[in-house]
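# Commentary on secondary and tertiary structure
Below, each chain spelled out in residue letters.
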Amino acid sequence: MQSIQSNCLTNSNLVSRRNLPLFPFLGLMFLLLLQHSLAFGQPATASLVQGHVRDGTTNEPIPGASVSVVGTSDGVRTDIEGHFRFSSLATGMYRIQASSVGYKPLIKSDIVVAPGKQTEVVFLLTPTSVELSEVVVTPSYFEENPATPVSSQTLSNEEIRRAPGGNEDVVRAIAVLPGVAQTSAGRNDLIVRGGAPSENLYVVDGHEVPNINHFGTQGASGGPLSFVNLDFVRDVTFSTGGFGVKYGDRLSSVTDINMKEGRSDRIGGKATLAASQFGFNLEGPVNRNSSFLFSARRSYLDFVFKAAGFGFVPEYWDFLGKYIYRPNAKNEISVINIGALDKVRFFNDTDDQRYNNSQVLGSSQNQYFSGVLWQHVMKEGVWNNALTRTYVDYDFLQTDSLLQPIFTSQSKEGETGLRSDVLRRISPTTTISAGIQGKTVLTDGALVLRGLQTSFGDSLRLTQTDWRDRAFKSSAYFQLSHNMMKQMTASLGGRLDYFDQIRTKTAVSPRLSLTYSLSEQSSVTLSGGVYRQAPSYVWIASNPANRDLAFLRADQVVLGYEKRLRPDTRIRIEGYLKKYRDYPASLDRSYLVLANTGAGFGGSREGFSSFGLDRLSSVGTGISRGVELLIQKRLSEIRSYGIASFTFGRTDFTGIDGKKRPGSYDQRMIMNISGGYVPNAKWEFSGKFRYGTGAPYTPYDNVGKQSAASYNTKRIPDFHSIDLRVDRRWNRSGWTLVTYLDIQNAYNHQNVSSYNWNEREQKVEENTDIGILPSIGISAEF
């Protein structure tokens, strides 16, 4: 029952298992009937396809670049602002190529052209030192990111949308990439190379955001599902390590989300009914120099859960708005606001409901972030200035079976930050970048924990505290990149971070990366550096003794080799070593390091460990090492695509008692194989297979006790599943209907997610993720 409750905030349990086998058949019948009902309309030619071609380093427009539709005679040149457009492409799916002298040509696939829809395509071309007279440069389907030369992958909007089992969720789509583990089928916690969910940074349109998930875990960055509307996402770049000094205050990963701009031709929109929510989008021009985006979505899980008799009901709203204004070719101002309203309601009408609800930490919260970004493009450079405001209002409650509170916490975390970054190419082979940032932080709240004893025999004392703190964070960085011998690029930089609420207030992080091109198709990369992260606000606020903590530290080295087998296919292998130092470890629970917390909602069964209630000391250490393999093919003239990733790794942490133990997210082997086939512009078929060895857990004895001596000594069984998906498009005059049928865990394997002790029945309870789960999505674009 606990597994059902912990996953309830997704679409994982919309239907009882006894009814599930009917849904694939009903879904297929629905699609066939819908196809028949629309079969007599006449498809129309498509709307506008437009975009920009820019320098991938400085973001300068590239005038006169050649842009062509691969496989056709259609081609145009960009204007003085780097802009291009195609106005007569028929409905279908295309590949578009951009090239210019001095740059590596790039092909974008998965360009969907549909009636009533404006399609935006942005090319960021990489400068090359190879003269065209020396050699013909083969176009590539893969973007190069000089800021993150290792462990980095960019996914387009279409690649994320069609991912089987991904629920059109940004975070779930990147879970198939190397180095990423999944804690359970119902959670979006990113576990990157053995690190905790609190070690991941999200950047949305240039603004740093603490979390992008509904019902987020305080002090971490996970949750059940993302509140960023994929319809307005242009692409996502995900880095699992080796990122440059521009990014800081995180140890493991950066997820950089670039949002689209509103259409420029006319007002358009989209209505959607998906597996767990319905919503409406609107976009269009404000005047010739500006445009807007807006969306509102609401879950309907509360209606389904209440009708099914669940003891508690989650509901949420989310909203997105963006405005962009270009007064001229060199300046761009964008304003973005994204908000989420999350609420959990409990029903305690029966003894079973009261008992089951007593195992759950209820989490209701409101959150938003707002930002203004001014980008100024200058000769051989770019200057970005961002003003960002983030705010989260948390309300946690857990009661016992008699409805007496065990834990309550109401708190607010607000950040207001100003950031300025400049990048300048000072010679054809040398680029410098620098930036500064300052944040004012206000946190306030009140927390009450009733004294209780954990299953480890630890006594959590009565805790009652309230706080209202003002803090200040700042950072500065500088990086120099130089191209040597036309084959090697070196980047050397350093970063300084400051946080005034802890003992050691400053931290220095030097970093170096090298890329050596063996040929046009292959390269070797090496990255090494120090990564620092300030302790989470709640760890400091919940126990004043924790102000004695230091910055968390990870020293990382990554060595990689990449080869393009074809323009649309590449293979990459990387080895990594990550050593943790100064990690908060509990002085009260000698086995506990906070690197082993943050996935899930952090309730009584976890001893509320993710909240940092214990007295903590920066003495925890750890080591993570492994090898990753990525094989990727993008859609091309061969009408199939796919990603295969394999991760072999190990992670250990050492607490205050000096004993090295496997980390709670130490999955030794993870395999993902995902791919699809696109026979034409109407149909698409895809699937995903996922396998992983089980994560560690601490066993219970015959009276429900756990011991520090056996902490993380056992492993849950290996997990595996297959997700299947079929997409169908109907193009009609001025609008398009898009439908899909997605079947998660198609062969209904009962994957064990955890073990818990059932107090009522006095036995160990096996919790499993959801079995087979079909879902249907319908959207109309106009």
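What you are looking at is a predicted structure, and each value in this text was computed from that prediction instead of being measured.

## Here's the deal with the nonpolar core
Counting 40 residues, the largest nonpolar core has Leu251, Phe407, Leu449, Tyr583, Phe608, Phe611 and Leu613 as the members making the most contacts within it. Residue assignment for this core shows that the elements contributing at least two residues are strand 11 (200–204), strand 21 (381–399), strand 22 (405–427), strand 23 (430–449), helix 7 (537–541), strand 30 (552–566) and strand 31 (569–586). Among residues more than four places away in sequence, those in contact with Phe611 are Gln218, Leu361, Phe396, Phe407, Val538, Trp539, Ser542, Phe601 and Gly602. Residues Tyr202, Leu230, Val233 and Phe238 belong to the second largest nonpolar core, which totals 34 residues.

## Overview of the pairing of strand 41 (residues 752–758)
Most of strand 41 sits out of view: six of its seven residues are buried. Pairing between strand 41 and strand 42 (residues 763–768): six bridges, direction antiparallel. Residue pairing in the sheet places Ser754 in a bridge with Asn767 of strand 42. The loop that links strand 41 with its antiparallel partner strand 42 comprises four residues; one of these, Gln762, has a positive phi angle of about 55°.

## Looking at the pattern of salt bridges
Opposite charge on two side chains permits pairing when their charged atoms draw close. All chains considered together, the criterion is met by 57 salt bridges. As a salt-bridge pair, Asp205 and Lys322 come within 2.8 Å of each other at their nearest N and O atoms. Pair noted here: Asp205 is in the loop between strand 11 and strand 12 (207–209) and Lys322 is in strand 18 (residues 312–328), with a separation of 117 residues, a long-range link. Side by side, Asp205 and Lys322 carry an identical accessibility label, which is buried. Its salt-bridge partner being Lys439, residue Glu208 comes within 3.5 Å of it at the nearest N-O pair. Pair noted here: Glu208 is in strand 12 and Lys439 is in strand 23, with a separation of 231 residues, a long-range link. This pair shows no difference in class: Glu208 is buried, exactly as Lys439 is. Because the salt bridges share partners, they merge into one network encompassing Glu158, Arg161, Glu168, Arg725, Asp727, Arg729 and Asp742.

## Topic: the sheet that holds strand 4 (residues 83–86)
Spatial strand order, 4-1-7: three strands in an open sheet with mixed pairing. The open sheet has two edge strands with one neighbour each: strand 4 and strand 7 (119–125). Neighbouring strand axes in the sheet, compared pairwise and without regard to direction, differ in orientation by 20° on average. Sheet topology note: the strand 1 (residues 49–55)/strand 4 ladder contains four bridges and is antiparallel. Paired with Val49 across the bridge in strand 4 is Phe86.

## Considerations on the layout of surface pockets
A volume near 700 Å³ is recorded for the second largest pocket. As for the second largest pocket, its lining consists of 31 residues, and the residues nearest its centre are His52, Glu81, His83, Arg288 and Arg326. Among the elements that line the lining of the second largest pocket, the one with the most residues is strand 18, at four residues.

## Some thoughts on the packing of aromatic side chains
Using the criterion set out here, one finds 23 aromatic pairs in the structure. A centroid spacing of 6.4 Å and a plane angle of 35° characterise the contact between Phe280 and Phe782, whose relative ring orientation is tilted. Of this pair, Phe280 sits in strand 16 (residues 277–287) while Phe782 sits in the segment after strand 43 (773–781); the two residues are 502 residues apart in sequence, bridging distant segments of the chain. Judged by its relative accessible area of 38%, Phe280 falls in the partly exposed class. Their ring planes at 55° and their centres at 6.0 Å tell us that Phe456 and Tyr711 sit as a pair that is tilted.

## Details of a nonpolar patch on the surface
Taken together, the side chains of Val286, Tyr323, Ile333, Val335, Val372, Trp374, Trp383, Leu387, Leu418 and Val422 define a hydrophobic patch exposed on the protein surface, amounting to about 790 Å² of accessible area. At the level of secondary structure, the elements contributing two or more residues to the nonpolar patch comprise strand 19 (331–346), strand 20 (362–378), strand 21 and strand 22. Its location among the elements puts Trp374 in strand 20. For Trp374, a relative accessible area of 32% corresponds to the partly exposed category.

## Some details on the sheet that holds strand 14 (residues 253–259)
The five strands lie next to each other as 8-13-14-11-12, forming an open sheet whose pairing is mixed. Of all the strands in the sheet, just strand 8 (152–156) and strand 12 have a single pairing partner and so form its edges. When strand polarity is set aside, the average angle formed by the axes of neighbouring strands in this sheet is 20°. Bridge count for strand 11 against strand 14 is five bridges, and the pairing is parallel. Across the sheet, Val203 pairs through a bridge with Asp256, a residue of strand 14.

## Thoughts on the side chain of Thr647
Its place among the elements puts Thr647 in strand 33 (residues 640–654). Excluding its chain neighbours within four sequence positions, the residues that come into contact with Thr647 are Pro178, Gly179, Val627, Glu628, Arg668, Met669 and Ile670.

## Remarks on the pairing of strand 36 (residues 683–692)
For strand 36, the tally of buried residues reaches seven of 10 residues, placing the bulk of the element in the interior. Pairing of strand 35 (residues 669–677) with strand 36, which is carried by eight bridges, proceeds in the antiparallel orientation. Counterpart to Tyr677 in the pairing with strand 36 is Phe685. Here strand 35 hands over to strand 36 after five residues, the two strands then running antiparallel side by side. With 10 bridges joining them, strand 36 and strand 39 (residues 719–732) adopt antiparallel strand pairing. Its bridge partner lying in strand 39, Ser686 is registered against Arg725.

## What to know about the environment of Ala274
Secondary-structure assignment places Ala274 in the loop between strand 15 (268–273) and strand 16. With 491 residues separating them along the chain, Ala274 and Glu765 place their C-alpha atoms 33 Å apart. In this structure Ala274 touches Tyr300, Tyr740, Ile776 and Gly777, once residues within four positions along its chain are discounted.

## Observations concerning the confidence of the model for the protein chain
On average, residues of the protein chain carry a pLDDT of 89, and 93% of them reach 70 or more. Ignoring residues within four places in sequence, the model shows residues 1–46, a span with pLDDT below 50, making 109 contacts including any to other chains.

Reading the values: the criteria
- Residues numbered from 1 in each chain as written.
- Predicted model: local features only at pLDDT ≥ 70, side-chain atom pairs only at ≥ 80, totals over all residues.
- Heavy atoms only, no water.
- Core = buried A, V, L, I, M, F, W, Y, C linked by side-chain atoms within 4.5 Å.
- Buried < 20%, exposed > 50% of the residue type's maximum accessible area, 1.4 Å probe, protein only.
- Helix = DSSP H or I, 4+ residues; strand = E, 2+ residues; numbered from the N terminus.
- Contact = heavy atoms within 4.5 Å.
- Pairing = 2+ DSSP bridges.
- Salt bridge = Lys/Arg side-chain N within 4 Å of Asp/Glu carboxyl O.
- Axes fitted to C-alpha atoms, helices over the stretch in contact; angles between N-to-C directions.
- 1 Å grid on protein atoms, 1.4 Å probe; cavity = no way out; pocket = protein on both sides within 12 Å on 5 of 7 lines; lining within 4 Å.
- Points joined across faces, edges and corners; volume = space filled by probe spheres on them.
- Phe/Tyr/Trp six-rings, centres within 6.5 Å; stacked < 30°, edge-to-face > 60°.
- Patch = residues over 30% accessible without salt bridge, like charges linked within 9 Å, V, L, I, M, F, W, Y side chains within 5 Å.
- Areas by Shrake-Rupley, 256 points an atom, 1.4 Å probe, with all protein chains shown as cover.
- pLDDT = per-residue confidence, 0-100.

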